[in-house]
Each structure stands twice: as structure tokens, then as C-alpha cells.
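Structural features, examined
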Amino acid sequence: AHSWEPGSKCYYYSTNDRKNFPEQKWFLMRNVLKQGVLKYGDKVYIQSGAPKYIKNRLMKSGNYLGIEEGSKEYWTIEPAPGP
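In this text, all values refer to a predicted model and were calculated from it rather than measured experimentally.

Comments concerning the overall build of the protein
Looking only at helices and strands, the protein features zero helices and seven strands. Helices and strands in the protein line up, N terminus first, as β-β-β-β-β-β-β. Per-residue burial over the protein gives 22% buried out of 83 residues. Nonlocal contacts in the protein, meaning residues at least 24 apart in sequence, comprise 34% of its contacts between residues at least 6 apart. Carbon and sulfur atoms make up 52% of the accessible area of the protein, which totals about 6,500 Å².

Laid out in C-alpha cells, this is it:
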């Protein structure tokens, strides 16, 4: 997950870095019981896939992003901004 200006949004995209950095492996988990393909507007938890932090979820921490075990903070799926 990555964040950039404007700082109110967090954008997720896959990288090959998890091969070397397991801390960059994340799971998108729905915050409601719903099945099917994720769509823009869906709300999700972003949960760490790193073995050391497997129960931790991404959360806002002041002006930064952090992780906290079992955080209830959710994120909304939106398209990344264009060039």
C-alpha cells in the first residue's frame, strides 16, 4: 500500500518486492459479508501478510500510516489518479 499527495488517500498496487520483503505483502479483506469481485466503492481492511504481523491491519496514525492488531479502520476501493 502506498500513499502520496493528496495525502488523504492510500493506493494499493502489487509489486514483486514481496520476494525480498515479506512486509510488503498485504491482503484486502472485505469488512462486510459479501462475495464476488472487488469493485470501486467497496470497503476493505488492508491486512499484513508478513508472518510477524499477520493479525495487523493498516490504519491512519496522525499524518502517517501504521498497523495495529485487529484495527477496525476500513478503506474504500477507488481508481488510482490518472497522469
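Description of the environment of A50
Turning to its location among the elements, A50 is positioned in the loop between β4 (43–48) and β5 (56–61). Look at A50 and you get buried, because its relative accessible area is 2%.

Comments concerning the packing of aromatic side chains
Between two aromatic rings, the relevant description is the distance of the centres plus the angle of the planes. Within this structure, the stated rule accounts for zero aromatic pairs. In this structure, R57 is placed above the aromatic ring of Y45, and the distance from its NZ or CZ to the ring centre is 4.0 Å.

Digging into a nonpolar patch on the surface
Together, F27, M29 and I54 give the surface a local cluster of nonpolar side chains, amounting to about 240 Å² of exposed area. Locating F27 in the fold gives a position in strand β3 (residues 26–30).

Things to note about the pattern of salt bridges
In total, this model carries two salt bridges according to the counting rule given. One salt bridge in this structure joins D42 and R30, with 3.2 Å as the shortest N-O distance. Here D42, found in the loop between β3 and β4, pairs with R30, found in strand β3; they are twelve residues apart in sequence, far enough to count as distant. K60 is paired through a salt bridge with E73; the nearest N and O atoms lie 3.6 Å apart. Of the two residues, K60 sits in strand β5 while E73 sits in the loop between β6 (64–69) and β7 (75–76), which places them 13 residues apart along the sequence.

Here's the deal with the environment of G49
With respect to the helices, strands and loops of the structure, G49 is situated in the loop between β4 and β5. A relative accessible area of 12% means that G49 is categorised as buried. Expressed as a C-alpha distance, the spacing of G49 and L28, which sit 21 residues apart in the sequence, is 9.9 Å.

Each value, and the rule that gives it
Starting from 1, residues in each chain are numbered consecutively following that chain's sequence as written. Restriction of local features to residues with pLDDT of at least 70 applies here, the model being predicted, together with a cutoff of 80 or more for giving and counting side-chain atom pairs; totals for whole chains, interfaces and linings are based on all residues. Side-chain numbers here rest on the full set of heavy atoms in the structure, without hydrogens or water. For helices the rule is a DSSP run of H or I covering at least 4 residues; for strands it is a run of E covering at least 2, with both sets numbered from the N terminus onward. Residue exposure (1.4 Å probe, protein chains only): buried if accessible area is under 20% of the type maximum, exposed if over 50%, otherwise partly exposed. Two residues qualify as a contact provided that any one of their heavy atoms is within 4.5 Å of a heavy atom in the partner residue. Working definition of accessibility: Shrake-Rupley area with a 1.4 Å probe, residue cover restricted to the visible protein chains. Only centres within 6.5 Å qualify two rings of Phe, Tyr or Trp (six-membered ring in Trp) as a pair; their planes then separate them into stacked at under 30 degrees, edge-to-face at over 60, and tilted for everything else. Put simply, a charge is over a ring when the Lys NZ or the Arg CZ is close to the ring centre, within 6 Å, and near the line of the ring normal, within 35 degrees. To count toward a patch, a residue needs a relative accessible area above 30% and no salt bridge. Like charges then connect within 9 Å, nonpolar side chains (Val, Leu, Ile, Met, Phe, Trp, Tyr) within 5 Å. The salt bridge criterion pairs a side-chain nitrogen of Lys or Arg with a carboxyl oxygen of Asp or Glu, the two atoms within 4 Å.

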